[in-house]
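Observations on the three-dimensional arrangement
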Amino acid sequence: MQRELREQCEQAAVIALDLGRQLLICGADVKRAEDTAERICRSYGAQTTDVFCIGSLLMATVEWMDGSTSTQMRNINRTGYDLARLEALNTLSRDICDKNISLSAARNRLTALRTPSLQKKWVTYPAAIIAVAAYTIFFGGTWADALVASICGIFVTMLERMLPEKTGIMMRTVLCAIAVGITAGIGSLLYPALQTDKVMIGSIMLMVPGLMVAGSLRDLLGGDIIAGSLQLIQAVLIAGALALGLAWAASWAVQL
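Residues numbered from 1 in each chain as written. Predicted model: local features only at pLDDT ≥ 70, side-chain atom pairs only at ≥ 80, totals over all residues. Heavy atoms only, no water.

Turning our eyes to something else, we now look at the pattern of salt bridges. Tallied over the full model, the rule gives nine salt bridges. Ionic pairing is found between D95 and R109, a salt bridge with its closest N-O pair at 3.0 Å. With a gap of 14 residues between them, D95 in helix α3 (residues 83–99) and R109 in helix α4 (residues 103–112) connect regions that are remote in the sequence. Taken together, the shared-partner salt bridges connect D18, R74 and R107 into one network. (Salt bridge = Lys/Arg side-chain N within 4 Å of Asp/Glu carboxyl O. Helix = DSSP H or I, 4+ residues; strand = E, 2+ residues; numbered from the N terminus.)

Consecutive side chains of a regular strand alternate in pointing toward one face of the sheet and then the other. By the bridge criterion, seven bridges tie strand β1 (residues 46–53) to strand β2 (residues 57–64) in an arrangement that is antiparallel. Note that in β2 the partner of T48 across the bridge is E63. Once β1 ends, the chain turns through three residues before running back antiparallel as β2, passing G55 with a positive phi of about 95 degrees. (Pairing = 2+ DSSP bridges.)

The next thing to look at is the confidence of the model for the protein chain. Interpreting fine coordinate detail is not advised for predicted regions of low pLDDT. Here the protein chain averages 85 in pLDDT, while 94% of its residues score no lower than 70. Mean pLDDT in the protein chain bottoms out at helix α1 (residues 2–25), which sits at 82, and peaks at helix α5 (residues 124–138), which reaches 91. (pLDDT = per-residue confidence, 0-100.)

Next up on the list: the nonpolar core. Where a protein is soluble and globular, its nonpolar side chains tend to be buried together. Judged by nonpolar contacts, the single largest core of 36 residues is most densely connected at L19, L24, L58, W64, L89, L92 and I96. Contributions of two or more residues to this core are made by α1, α2 (30–43), β1, β2, α3 and α4. Ignoring anything within four residues of it in the chain, the contact list for L24 reads D29, V30, A33, C53, G55, L58, I76 and T79. Within the second largest apolar cluster, 19 residues are counted, among which are A149, C176, A177 and A184. (Core = buried A, V, L, I, M, F, W, Y, C linked by side-chain atoms within 4.5 Å. Buried < 20%, exposed > 50% of the residue type's maximum accessible area, 1.4 Å probe, protein only. Contact = heavy atoms within 4.5 Å.)

Once that is clear, we can look at the packing of helix α6 (residues 143–162) against helix α8 (residues 196–204). The relative placement of two packed helices comes down to the angle between their axes together with the axis-to-axis distance. Look at α6 against α8: their axes get within 9 Å of each other, and the N-to-C directions meet at 45 degrees. Put simply, α6 runs oblique to α8. The handedness of the crossing between α6 and α8 comes out as right-handed. Contacts between α6 and α8 involve D145, V148, A149 and C152 from the first element and K198, V199 and S203 from the second. Considered class by class, the residues forming the contact of α6 with α8 number four nonpolar, one polar and two charged. (Axes fitted to C-alpha atoms, helices over the stretch in contact; angles between N-to-C directions. Parallel < 35°, antiparallel > 145°, perpendicular 65-115°, else oblique. Left-handed = near helix turned anticlockwise from the far one by under 90°. Nonpolar A, V, L, I, M, F, W, Y, C, P; charged D, E, K, R; others polar.)

What follows deals with the sheet that holds β2. Read across the open sheet, the three strands follow the order β1-β2-β3; overall the sheet is antiparallel. Each of the sheet's edge strands pairs with one partner strand only, and the pair in question is β1 and β3 (69–75). Shown here is a sheet whose adjacent strand axes are inclined to one another by a mean of 15 degrees, direction ignored. Across the sheet, α2 is in contact with β1 and β2; its angle to β1 comes to roughly 160 degrees.

Here we take up the environment of M158. Secondary-structure assignment places M158 in helix α6. Residue M158 is classed as partly exposed on the basis of its relative accessible area, which comes to 33%. When the C-alpha positions of M158 and K198 are compared, they lie 21 Å apart, and in sequence the two are 40 residues distant.

Turning our attention to unusual backbone geometry. The phi torsion of most residues other than glycine is negative, and most of the peptide bonds are trans. Phi is positive for N100, which is not a glycine, with a value near 55 degrees. Inspection of the secondary structure assignment puts N100 in the loop between α3 and α4. Residue class for N100 comes out exposed when judged on its relative accessible area of 54%.

Here the focus is the packing of aromatic side chains. One pass over the structure, following the stated rule, counts two aromatic pairs. Relative to F139, the ring of F138 has its centre 5.2 Å away and its plane inclined at 80 degrees; by these criteria the two rings are edge-to-face. Ring pairing ties together the aromatic residues Y135, F138 and F139, which thus form one cluster. (Phe/Tyr/Trp six-rings, centres within 6.5 Å; stacked < 30°, edge-to-face > 60°.)

Time to look at helix α9 (residues 210–221). An α-helix turns once per 3.6 residues; consequently, residues spaced three or four apart project the same way. The terminal C-alpha atoms of α9, which comprises 12 residues, lie 17 Å apart, in line with the 16 Å expected from a rise of 1.5 Å per residue. Phi turns positive one or two residues past the end of α9, at G223, with a value near 100 degrees. (Expected span 1.5 Å × (residues − 1).)

Next comes the structure, spelled out in structure tokens:
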């Protein structure tokens, strides 16, 4: 009986940290992940819960009603922004806390939400086309510039999907920036009146870490100095990788 209770406690902690990890992967802030893990543990009988998160690491020490304790941690090796999944995960956490669903039901629902996105994959292509075309025209480009930028947006989206998940975000950003620069350079050769600077500016808006900067400021203002600082440094490095890729592609285009 004691062993069975112990296994249930461990399973509850696993669900709490796995759900918190998925929240961080989908773009939630560290406060939300910490609060969610703590609430889930308490809903399953935890007496005290200490959760710590710095963006790339989520760990918790839980003391249960029988006096036993368990410590677990999760490594968050990739993050992004998937608002559809984030909403579904928030709904699951509320159901666990309010409706007291069983551990097996919570585990099954969480497993179903591990898919990369709840949206169809093809949706990202028209979204990328509309975004880059709109930004290109906004920054002073013509419809021809917007057309080439749309092609760049398709290439960037395809490259993002083709690269393995283990590819680092810096390398991913450099490769996407090179693809944008080469496509813009080829477009200028075929159509000399093309404004390559407007094409590049509009296309790289898909990769500018604006949400990451906003998230880092949110964490800093919320008192999470370490998590906010790490995220801000990562945003600066991504911007540098973006500039590096465009500079290499621009030097290649000049030589043509």
